[in-house]
Amino acid sequence: MMPARVRPRRSVMLVGALTVLIATANPGATAPGDLDPTFDGDGKVTTNFLPVDEARGVAIQADGKIVTAGVAICPPCATPFTPHLFAVARYNRDGSLDPTFDGDGKVTTDFDAREDEAFAVAIQGDGKIIAAGSAFGPEAQDFALARYNPDGSLDVTFGGDGMVTSDFAGGNDRARAVIIQPDGKIVAAGVAFSAACLPCDGPATDNFGLARYNPDGSLDLTFGFVGRQVTDFEFRGPDEARGVALQVDGKIVAAGVAICDPCVTPVVLHDFALARYNPDGSLDATFGGDGTVT
């Protein structure tokens, strides 16, 4: 009997050769981690507002458009104070500025303050945009939020003119993160200056600061103390929340840094710091025993 003829090797060699030819014919193919050339041609884009501009937060809309928020600074514009403005830009998926957003894809907002800076941005389910940061009022910085319609105009149903500021205790307060709850309420987290810090050694310090707002921009009085909550990590130094997230059960987790200024010399100790809050703003004692973890 003649043995059967087997030819799998030639097929494998043919497939391998085709693979090499395809790879050679497409030398521009991108690999994972490469810059995406479909985004502004080379994977990166810059946008000018004023002489000094910084993006600090980013969010993606449901339609894939990209919204960034930060600060636009004009050093020579005024003396002795340099104007800082909220700056928001929206990009199409290809990296071009979206002209349906305020006509040229970017907008600045002045809170009638010397220094206004956005640090975070979030998109509501209806497409409205929330930017959060700080505004320097008559004496100190306050939490500052602005809400924009999808076309980039300020939403006057929010705070009456599209802008809201909140003071905690007369010191410098700065929002660093923002989320939107399923019920439309807005939670901003950052740092709140407390005029008296107990049991801290010093007379005053920065602490985690959270504020929750109703959809119309008013403080939610069912949260914390008249809409605001301050948390001290008893670390004898400043604490600052820099991120916030919402659990499916409605509890709120804030994360940032706790600093022990006098603890080590010459090195200052910085630790991860997390706090979890119940939906009413009280600390959740089932988290770390007292609601906080470092």
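**Considering the overall build of the protein chain**
- Broken down by element type, the protein chain carries one helix and 16 strands.
- Put simply, the protein chain has 294 residues, and 46% of those count as buried.
- Considering only contacts in the protein chain between residues 6 or more positions apart, those separated by 24 or more positions represent 46%.
- Taken as a whole, the protein chain presents about 15300 Å² of accessible surface, with 59% of it coming from carbon and sulfur.

**So, the packing of aromatic side chains**
- Taken as a whole, this structure holds three aromatic pairs when the rule is applied.
- Lying across the ring of Phe119, Arg56 places its NZ or CZ 4.3 Å from the centre.
- Positioned over the ring face of Phe119 is Arg176, at 3.5 Å from the centre of the ring.

**Digging into the pattern of salt bridges**
- Per the counting criterion, the structure on display carries 13 salt bridges.
- Asp284 is the salt-bridge partner of Lys251, the closest N and O atoms lying 3.0 Å from each other. Of this pair, Lys251 sits in the loop between strand 13 (239-246) and strand 14 (252-260) while Asp284 sits in the loop between strand 15 (269-277) and strand 16 (292-293), and the two are 33 residues apart along the sequence.
- Judged by its relative accessible area of 3%, Asp284 falls in the buried class.
- One salt-bridge network, in which partners are shared between bridges, spans Glu54, Arg56 and Glu117.

**Let's talk about unusual backbone geometry**
- For Asp40, which is not a glycine, the phi torsion comes out positive at approximately 60°.
- With respect to the helices, strands and loops of the structure, Asp40 is situated in the loop between helix 1 (8-25) and strand 1 (52-60).

**Here's the deal with the sheet that holds strand 8 (residues 163-166)**
- With antiparallel pairing, four strands are arranged side by side in an open sheet as 5-6-7-8. The open sheet has two edge strands with one neighbour each: strand 5 (116-123) and strand 8. With direction set aside, neighbouring strand axes in the sheet form an average angle of 20°.
- Sheet topology places strand 5 next to strand 6 (residues 129-136); seven bridges connect them, and they run antiparallel. What sits directly across from Ala120, in strand 6, is Ala132.

**A short note on the pairing of strand 14**
- The buried count for strand 14 comes to eight of nine residues, which makes it a mostly enclosed element.
- As paired strands, strand 13 and strand 14 are joined by seven bridges and run antiparallel to one another. By the bridge assignment for strand 14, Asp239 is matched with Ala258.
- Connecting the antiparallel pair strand 13 and strand 14 is a turn made up of five residues, with Gly250 showing a positive phi of about 90°.

**Some points on a nonpolar patch on the surface**
- Side chains of Leu221, Phe225 and Val226 sit close together on the surface and give an oily, nonpolar patch of about 340 Å² of accessible area.
- Inspection of the secondary structure puts Val226 in the loop between strand 11 (205-213) and strand 12 (228-231).

**Concerning the pairing of strand 2 (residues 66-73)**
- Counting buried positions along strand 2 gives eight out of eight residues, so the element sits mostly inside the fold.
- In this structure, strand 1 lies alongside strand 2, joined through eight bridges in antiparallel fashion. When the sheet's bridge partners are listed, Val52 is paired in strand 2 with Ile73.
- Pairing geometry for strand 2 and strand 3 (residues 84-91), over eight bridges, is antiparallel. Within the sheet, the bridge partner assigned to Gly70 lies in strand 3 and is Ala87.

**A few points about the sheet that holds strand 1**
- Strand order in the open sheet formed by four strands is 1-2-3-4, with antiparallel pairing between adjacent strands. Taken across any chain shown, the strands that pair with only one partner, and hence form the sheet edges, are strand 1 and strand 4 (106-109). Mean inter-strand twist for the sheet, computed between neighbouring axes without regard to direction, equals 25°.

Calculation rules
- Residues numbered from 1 in each chain as written.
- Predicted model: local features only at pLDDT ≥ 70, side-chain atom pairs only at ≥ 80, totals over all residues.
- Heavy atoms only, no water.
- Helix = DSSP H or I, 4+ residues; strand = E, 2+ residues; numbered from the N terminus.
- Buried < 20%, exposed > 50% of the residue type's maximum accessible area, 1.4 Å probe, protein only.
- Contact = heavy atoms within 4.5 Å.
- Areas by Shrake-Rupley, 256 points an atom, 1.4 Å probe, with all protein chains shown as cover.
- Phe/Tyr/Trp six-rings, centres within 6.5 Å; stacked < 30°, edge-to-face > 60°.
- Lys NZ or Arg CZ within 6 Å of the ring centre and 35° of its normal.
- Salt bridge = Lys/Arg side-chain N within 4 Å of Asp/Glu carboxyl O.
- Pairing = 2+ DSSP bridges.
- Axes fitted to C-alpha atoms, helices over the stretch in contact; angles between N-to-C directions.
- Patch = residues over 30% accessible without salt bridge, like charges linked within 9 Å, V, L, I, M, F, W, Y side chains within 5 Å.

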